[in-house]
Amino acid sequence: ADTIAVTSRGFADYFRTILKLPETAPVYLPQYAEELFDWLPPAPPHPGVFNAVFAGNIGEMQAVETIVEAAKKLTKRPDIRFHIVGDGVGLDACRRLAEGLPNVTFYGRRDVSEMPGFYAMADVMLVTLKADPVLSLTLPGKVQSYFAAGKPVVGAIDGETAAVVADADCGVCVAAEDANALADALTSLADAPERLRTYGENARRYYEAHFRKDAFLQKLTDVLKENC
């Protein structure tokens, strides 16, 4: 290969330190979000309700069961509600785990055109992955859409995503698969709504600086020109 583009800084470090590629080999080229996720207004007021939304694939690696376990620990906080939008091999297991929980709603697979509506209702957006040192190098594509929409991010996730959320100062990340810590983080934010607007504004600001589509296309064009 003349060059290699990677979607996270963690991959670039891995290629340099583990695969021993030259410093110039990995080009950091993060994904951008679809335009329909461009900034959405803060969640409309739902008196006495705090909505946490997960949107995306529900597979073995996504550890969505961590969200369900956190919901179990928050049954005494009926104001905190979980909305899980998506499909995948792990959906049935998550549904079984959530049986009897009044604070979890599954919506299944929805057309992408419906997603802005789910984002708009969210006070925070959720992202989870399994605890794995290699998996933690990834930056799930949903993160860019969360940022583009100007939504606070709460994650039970390690590595690159936690670093990006910290850099952006747009939410809270706890250790991957730590349902107790995830429940505590959501409780803290539900009790401090003034932080949500700041986190949302910071998310959008970070998106503009790092993940815009036009910046992606310009960088890709530059890379191609340099190697042709």
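Bear in mind that the values here come from a model prediction, so they are computed numbers and not experimental data.

### Quick notes on the overall build of the protein chain
And step 1. In terms of helices and strands, the protein chain carries nine helices and eight strands.
And step 2. Computed over the C-alpha atoms, the radius of gyration of the protein chain is 18 Å, within 12% of the 17 Å expected from 2.2 N^0.38 for a compact globule of 228 residues.
And step 3. Buried residues in the protein chain amount to 48% of all 228 residues.
And step 4. Put simply, 70% of the contacts in the protein chain that link residues at least 6 apart link residues at least 24 apart.
And step 5. Working note: accessible area of the protein chain is about 10900 Å², and carbon and sulfur atoms make up 53% of it.
And step 6. Charged side chains of the protein chain number 23 positive and 31 negative; the gap between the two group centres comes to 3 Å.

### Some words on the sheet that holds strand β6 (residues 124-128)
And step 1. If you trace the six strands from one edge of the open sheet to the other, you get β5-β4-β3-β6-β7-β8, paired in parallel fashion. The sheet terminates laterally at β5 (104-108) and β8 (171-174), the two strands that pair on one side only. Direction aside, the axes of adjacent strands within the sheet are offset by 20 degrees on average.
And step 2. Along the sheet face, helix α2 (residues 65-73) touches β3 (50-55), β4 (80-85), β5, β6 and β7 (153-156) and points at about 160 degrees away from the line of β4.

### Overview of helix α7 (residues 179-190)
And step 1. Here α7 contains 12 residues, and its C-alpha end-to-end distance of 16 Å stays within 8% of the 16 Å for a straight helix at 1.5 Å per residue.
And step 2. Where α7 is concerned, the buried positions are A179, L182, A183, A185, L186, T187, L189 and A190.
And step 3. Capping the start of α7 is the job of one residue whose side-chain oxygen sits 3.3 Å from the backbone nitrogen of N180: D178.

### Quick look at the nonpolar core
And step 1. F82, I84 and L186 are the most contacted members of the largest nonpolar core, which totals 32 residues.
And step 2. Looking at this core, the element that brings in the most residues is α7, giving six residues.
And step 3. Apart from the residues within four sequence positions on either side, I84 is in contact with F54, I58, V64, I67, V68, V104, T105, F106, Y107 and G108.

### Side note on the side chain of S145
And step 1. With respect to the helices and strands, S145 occurs in helix α5 (residues 141-148).
And step 2. Residue S145 is classed as buried on the basis of its relative accessible area of 7%.
And step 3. A polar contact is formed between the side chain of S145 and the backbone oxygen of K142, at a distance of 2.7 Å.
And step 4. Those residues in contact with S145 that lie beyond four places of it in its chain are A33, F37 and Y119.

### With respect to the packing of aromatic side chains
And step 1. For the structure shown, the criterion picks out nine aromatic pairs.
And step 2. With centroids separated by 5.0 Å and ring planes inclined at 65 degrees, the aromatic side chains of Y32 and F216 adopt a geometry described as edge-to-face. With Y32 in the loop between β2 (26-28) and β3 and F216 in helix α9 (residues 213-226), this residue pair connects regions lying 184 residues apart in the sequence.
And step 3. According to the relative accessible area criterion, Y32 is partly exposed, its value standing at 25%.

Rules used throughout
Residues numbered from 1 in each chain as written. Predicted model: local features only at pLDDT ≥ 70, side-chain atom pairs only at ≥ 80, totals over all residues. Heavy atoms only, no water. Helix = DSSP H or I, 4+ residues; strand = E, 2+ residues; numbered from the N terminus. Rg over C-alpha atoms; globule rule 2.2 N^0.38 Å. Buried < 20%, exposed > 50% of the residue type's maximum accessible area, 1.4 Å probe, protein only. Contact = heavy atoms within 4.5 Å. Areas by Shrake-Rupley, 256 points an atom, 1.4 Å probe, with all protein chains shown as cover. Lys, Arg positive; Asp, Glu negative; His and termini not counted. Charge placed at Lys NZ, Arg CZ, Asp CG, Glu CD. Pairing = 2+ DSSP bridges. Axes fitted to C-alpha atoms, helices over the stretch in contact; angles between N-to-C directions. Expected span 1.5 Å × (residues − 1). Polar contact = N/O pair within 3.5 Å; in protein donor to acceptor, adjacent residues only side chain to side chain. Core = buried A, V, L, I, M, F, W, Y, C linked by side-chain atoms within 4.5 Å. Phe/Tyr/Trp six-rings, centres within 6.5 Å; stacked < 30°, edge-to-face > 60°.

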